[in-house]
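# Structure at a glance
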Amino acid sequence: MKHLHRRRRSVVAGFTLLEALIATTLMGMVLAAIGAITAQWLPSWNRGFMRVQRSELFAVALNRLAADLSASEFVTPNRESKLPIFEGTASAVTLLRSAVGPNTEPGLEVVRIAESTDRQGIALVRTRTPFAPFGLGDVSADQLNFTDPVVLLRAPFRVSFSYSSGDGSWSDTWHNAGQLPSAVRFLVRDSTTGRTLAVSSATMVHVELPADCAGPASPACGSQSSPAADAPGAPTDAGSEARGNTSRGQ
């Protein structure tokens, strides 16, 4: 019986101690080779992933800026004021547009895009508040309580704004103007190097003047007419030219 039991134990499959050591050594060599290869391509993969993520972040931020600025509405704070709600500096813009977003109600909202500081440093933040007619007296947007902050860009990237009336020149401020700017330019800079990035862009404002200016010779426009319309050699109205020829003929 003892001899039979030993024979049964000898036919059981398994590894010897030498085979186990060889297998462990080979596994260690394979893992070391994989680790070496990973250490070479992982930094490059991280840099590529960060570039893609940064490009997507820039695209979202610039699309949001362009959408808000181009949708600016010519709306005055109250019926006594003739100036639209639009205040622009090199680092901040306050405008009024149609409400947009999944949690907003139909109507108008005042949007402020400005730099602010939090625990992570300087950031370009978009805030908003529902529009209601201002009271008499101070009509500055500083009296509004903006909520729903959304971070568009963070340091080291900074955004500077400039404004144009359509004559080709740009200004760092737009305040107390009788019309909205024709175009707004936003330059994205890397504050660590001071270099302006190629993703910088500009957008046209769809509405510049109040609806009253749609009529010919409207007194509400006053000096808000386009500079090109008053320039020498500008095309004249066909009806007025015809009336002038008739009067000269008489």
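Above this text is the structure in question.
The following paragraphs examine the structure supplied in this document.

Scoring rules and cut-offs
- Residues numbered from 1 in each chain as written.
- Predicted model: local features only at pLDDT ≥ 70, side-chain atom pairs only at ≥ 80, totals over all residues.
- Heavy atoms only, no water.
- Phe/Tyr/Trp six-rings, centres within 6.5 Å; stacked < 30°, edge-to-face > 60°.
- Helix = DSSP H or I, 4+ residues; strand = E, 2+ residues; numbered from the N terminus.
- Buried < 20%, exposed > 50% of the residue type's maximum accessible area, 1.4 Å probe, protein only.
- Lys NZ or Arg CZ within 6 Å of the ring centre and 35° of its normal.
- Core = buried A, V, L, I, M, F, W, Y, C linked by side-chain atoms within 4.5 Å.
- Contact = heavy atoms within 4.5 Å.
- Salt bridge = Lys/Arg side-chain N within 4 Å of Asp/Glu carboxyl O.

## With respect to the packing of aromatic side chains
With the rule as written, the count across this model stands at three aromatic pairs. On the numbers, 4.9 Å between centres and 85° between planes, the contact of Phe58 with Phe157 is edge-to-face. Within this pair, whereas Phe58 is found in helix H2 (residues 17-70), its partner Phe157 is found in strand S6 (residues 157-164), the two being separated by 99 residues in sequence. The two residues Phe58 and Phe157 agree in class, both being buried. In this structure, Arg185 is placed above the aromatic ring of Trp170, and the distance from its NZ or CZ to the ring centre is 4.4 Å.

## Observations concerning unusual backbone geometry
Excluding glycine, residues mostly have negative phi values, and the peptide bonds linking residues are mostly trans. The amide bond that connects Ala155 to the next residue, Pro156, takes the cis arrangement and shows omega of 15°. Within the secondary structure layout, Pro156 lies in the loop between strand S5 (147-154) and S6. One non-glycine residue with positive phi stands out, namely Asp148, at about 55°. One can find Asp148 in strand S5. A relative accessible area of 40% places Asp148 in the partly exposed class. Phi is positive for Asn176, close to 55°, though the residue is something other than glycine. Mapped onto the secondary structure, Asn176 falls in the loop between S6 and strand S7 (183-190). For Asn176, a relative accessible area of 55% translates into the label exposed.

## Here we look at the nonpolar core
With 26 residues, the main nonpolar core has Leu65, Phe86, Val159, Phe161 and Val188 as its most contacted residues. If you tally residues by element for this core, the top one is H2, at five residues. Contact partners of Val188, with chain neighbours within four places excluded, come to Phe58, Leu62, Leu153, Phe157, Arg158, Val159, Arg195, Thr196, Leu197, Val199 and Ser200. Ranked by size, the runner-up nonpolar core spans five residues in total, among them Ile85, Val110, Phe134 and Phe146.

## Considerations on the pattern of salt bridges
This structure, assessed with the given rule, holds eight salt bridges. A salt bridge links Asp68 to Arg64; its shortest N-O distance comes to 3.2 Å. With a gap of four residues between them, Asp68 and Arg64 both fall in helix H2, about one helical turn apart. Look at Asp68 and you get buried, because its relative accessible area is 0%. Among the residues examined, Arg64 registers a relative accessible area of 26% and is labelled partly exposed. Note that Arg128 and Asp148 form a salt bridge whose closest N and O atoms lie 2.7 Å from each other. One end of the pair, Arg128, is in strand S4 (residues 121-130); the other, Asp148, is in strand S5, with 20 residues separating them in the sequence. Through salt bridges with shared partners, a single network forms among Arg64, Asp68, Arg97, Glu109, Arg126, Arg128 and Asp148.

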